[in-house]
Amino acid sequence: MPEWPEMDTYRRLLSPLVCGHTITAVDVNREKTINEPIGVFQAALIGRKVLFVERRGKYLLFHLDDGNRLLLHLMLGGWLYYGREPEKKKSEYQVICTFDNGERLFFGGLRLGFLHRLSAKGAQERLKELGPDPFDSRLTAPVFANRLSKRKGKLKPVLVDQKLVSGIGNCYADEICFDAQVLPAAAIPELKEETKLRLFASMRKVLEEAAANGGYMDRKFTEDDTFVGGHDERCFVYDREGEPCPRCGSPIRMDMVSSRKMFYCPSCQRPE
Ligand SMILES: [Zn+2]
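Just so we're clear, the structure is a prediction, and the values are computed from it rather than from any experiment. (Residues numbered from 1 in each chain as written. Predicted model: local features only at pLDDT ≥ 70, side-chain atom pairs only at ≥ 80, totals over all residues. Heavy atoms only, no water.)

1. Section: the overall build of the protein chain
For step 1, the next point in the chain: Looking only at helices and strands, one finds seven helices and 10 strands in the protein chain.
For step 2, the next point in the chain: The C-alpha radius of gyration computed for the protein chain amounts to 20 Å, which stays within 12% of the reference 19 Å derived for 272 residues, consistent with globular compactness.
For step 3, the next point in the chain: Once the C-alpha set of the protein chain is aligned to its principal axes, its extents read approximately 55 × 35 × 30 Å.
For step 4, the next point in the chain: Counting only residues that meet the buried cut, the protein chain has 51% of its 272 residues in that class.
For step 5, the next point in the chain: Counting only contacts in the protein chain whose residues sit at least 6 apart along the sequence, the fraction spanning at least 24 positions is 61%.
For step 6, the next point in the chain: Carbon and sulfur atoms provide 49% of the accessible area of the protein chain, an area that totals close to 12,300 Å².
For step 7, the next point in the chain: Positive and negative charge centroids in the protein chain, built from 42 and 38 side chains respectively, lie 5 Å apart. (Helix = DSSP H or I, 4+ residues; strand = E, 2+ residues; numbered from the N terminus. Rg over C-alpha atoms; globule rule 2.2 N^0.38 Å. Buried < 20%, exposed > 50% of the residue type's maximum accessible area, 1.4 Å probe, protein only. Contact = heavy atoms within 4.5 Å. Areas by Shrake-Rupley, 256 points an atom, 1.4 Å probe, with all protein chains shown as cover. Lys, Arg positive; Asp, Glu negative; His and termini not counted. Charge placed at Lys NZ, Arg CZ, Asp CG, Glu CD.)

Right, here's the structure in full:
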């Protein structure tokens, strides 16, 4: 599932392409992907200009010039493609928006994901449970450590809880734990203060690097795109069971923690 780096990559790439452009046509191939009848959705969007694109956690919000928002969550398997012609069969895209310059934004793979049209207030209501952004200036290392200290249980399930911070999922939680040299199954009450502070630094470092590399999405964003997905090969532990740990050479292990997979190095990641 796309996480902070993937969604922020989309935000950065999309902004100069769609902001200031007016939607001239909307195709919907799957009514369940949207939150109102297709005709209503189309009529409300045609003629609207995109003012800016915002990312909140793993969501993207398209701010429209009538004050409403399009709220996108890609969930598992969703992706975006921008261009004149679709890269895949048109039926693989649940929604297609055409802009006044003839370019189109294709929303693909939205089986669990969705694109909902909401008022500003409605969008705010939907996102009210989200914790702070990992890069929020008010989220300092001590504030993060303190938020973590209030939680019980094991580390990974809490790192991926969007109420702690928003935007971390299965892949980057493992990468953050690896960078901080702490086990994803470590019990939070056992963590030393310095480990919590280290986790904060690792969180920002890992997310920033992954975003700079284009995240791990395995689909092109435009026809000539060579940037998106550049981080996929650079994950150190995620999905690398049996491969040597890049730090100490021990084989990477995969185990379950609270019914989630976790990838880690059993020799250089510690329980505290
Ligand atoms: Zn290791």
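2. A look at the environment of Ala 123
For step 1, the next point in the chain: With respect to the helices and strands, Ala 123 occurs in helix α3 (residues 120-126).
For step 2, the next point in the chain: You can call Ala 123 buried: its relative accessible area is 3%.
For step 3, the next point in the chain: Placed 68 residues apart in sequence, Ala 123 and Leu 191 show a C-alpha to C-alpha distance of 36 Å.
For step 4, the next point in the chain: Contact partners of Ala 123, with chain neighbours within four places excluded, come to Leu 61, Arg 69 and Leu 118.

3. A short note on the nonpolar core
For step 1, the next point in the chain: Core analysis: the largest hydrophobic core is formed by 35 residues, its most contacted members being Tyr 10, Phe 41, Leu 60, Phe 62, Leu 72, Leu 80 and Phe 107.
For step 2, the next point in the chain: The greatest single-element share of this core, amounting to five residues, is contributed by strand β6 (residues 93-99).
For step 3, the next point in the chain: Two domains each put at least three residues into this core: domain 1 (4-126) and domain 2 (141-264).
For step 4, the next point in the chain: If we skip the residues at most four places from it in the chain, Leu 72 touches Lys 58, Tyr 59, Leu 60, Phe 62, Leu 80, Phe 107, Leu 110, Phe 114 and Leu 115. (Core = buried A, V, L, I, M, F, W, Y, C linked by side-chain atoms within 4.5 Å. Domains from an automatic or database assignment.)

4. Structural notes on the packing of aromatic side chains
For step 1, the next point in the chain: For the coordinates displayed, the defined rule picks out 11 aromatic pairs.
For step 2, the next point in the chain: When the centroid spacing of 6.1 Å and the interplanar angle of 75 degrees are considered together, the rings of Phe 62 and Phe 107 count as edge-to-face. With Phe 62 in strand β3 (residues 59-64) and Phe 107 in strand β7 (residues 104-108), this residue pair connects regions lying 45 residues apart in the sequence.
For step 3, the next point in the chain: Taken together, a centroid distance of 5.6 Å and an interplanar angle of 45 degrees make the contact between Phe 144 and Phe 200 tilted. Here Phe 144 is found in helix α4 (residues 141-149), whereas its partner Phe 200 is found in helix α7 (residues 193-212), with 56 residues between them in sequence.
For step 4, the next point in the chain: An aromatic cluster is present here, built from Trp 79, Tyr 81, Tyr 93 and Phe 106 joined pairwise through their rings.
For step 5, the next point in the chain: The ring of Phe 178 has Arg 247 lying over it, and the distance from NZ or CZ to the ring centre is 3.9 Å. (Phe/Tyr/Trp six-rings, centres within 6.5 Å; stacked < 30°, edge-to-face > 60°. Lys NZ or Arg CZ within 6 Å of the ring centre and 35° of its normal.)

5. Some details on the environment of Ala 120
For step 1, the next point in the chain: Along the chain, Ala 120 turns up in helix α3.
For step 2, the next point in the chain: Its relative accessible area of 31% is what places Ala 120 among the partly exposed residues.
For step 3, the next point in the chain: Separated by 52 residues in sequence, Ala 120 and Asn 68 place their C-alpha atoms 5.5 Å apart.
For step 4, the next point in the chain: With residues near it in sequence (within four places) discarded, Ala 120 still touches Gly 67 and Arg 69.

6. Considering helix α6 (residues 170-180)
For step 1, the next point in the chain: Among the 11 residues of α6, nine are classified as buried, and the element is accordingly described as predominantly covered.
For step 2, the next point in the chain: On its buried side, α6 packs onto α1 (4-18), α5 (155-159), α7 and β10 (260-264).
For step 3, the next point in the chain: Within two residues after α6, Gln 181 carries a phi angle of roughly 60 degrees, on the positive side.

7. Observations concerning the coordination of the zinc ion
Around a metal, the perfect tetrahedron of four donors has angles of 109.5 degrees, and the perfect octahedron of six donors has angles of 90 or 180 degrees.
For step 1, the next point in the chain: In this structure, Cys 245 (SG), Cys 248 (SG), Cys 265 (SG) and Cys 268 (SG) serve as the protein donors to the zinc ion, at separations of 2.2 to 2.3 Å.
For step 2, the next point in the chain: In this structure, the zinc ion is coordinated by four donor atoms arranged in tetrahedral fashion, with angles at the metal of 99 to 121 degrees.
For step 3, the next point in the chain: In primary sequence terms, the donor set of the zinc ion follows C-x2-C-x16-C-x2-C. Highlighted residues: Cys 245 in the loop between α7 and β9 (253-257) and Cys 268 in the segment after β10, separated in sequence by 23 residues. Taken individually, Cys 245 and Cys 268 each receive the classification buried, so the pair is uniform in this respect. (Donors = N, O, S within 2.8 Å, 3.2 Å for Na, K, Ca; no water. Tetrahedral: all angles 85-135°; square planar, octahedral: opposite > 155°, others 65-115°.)

In short, shape yes, function no, at least from these values alone.
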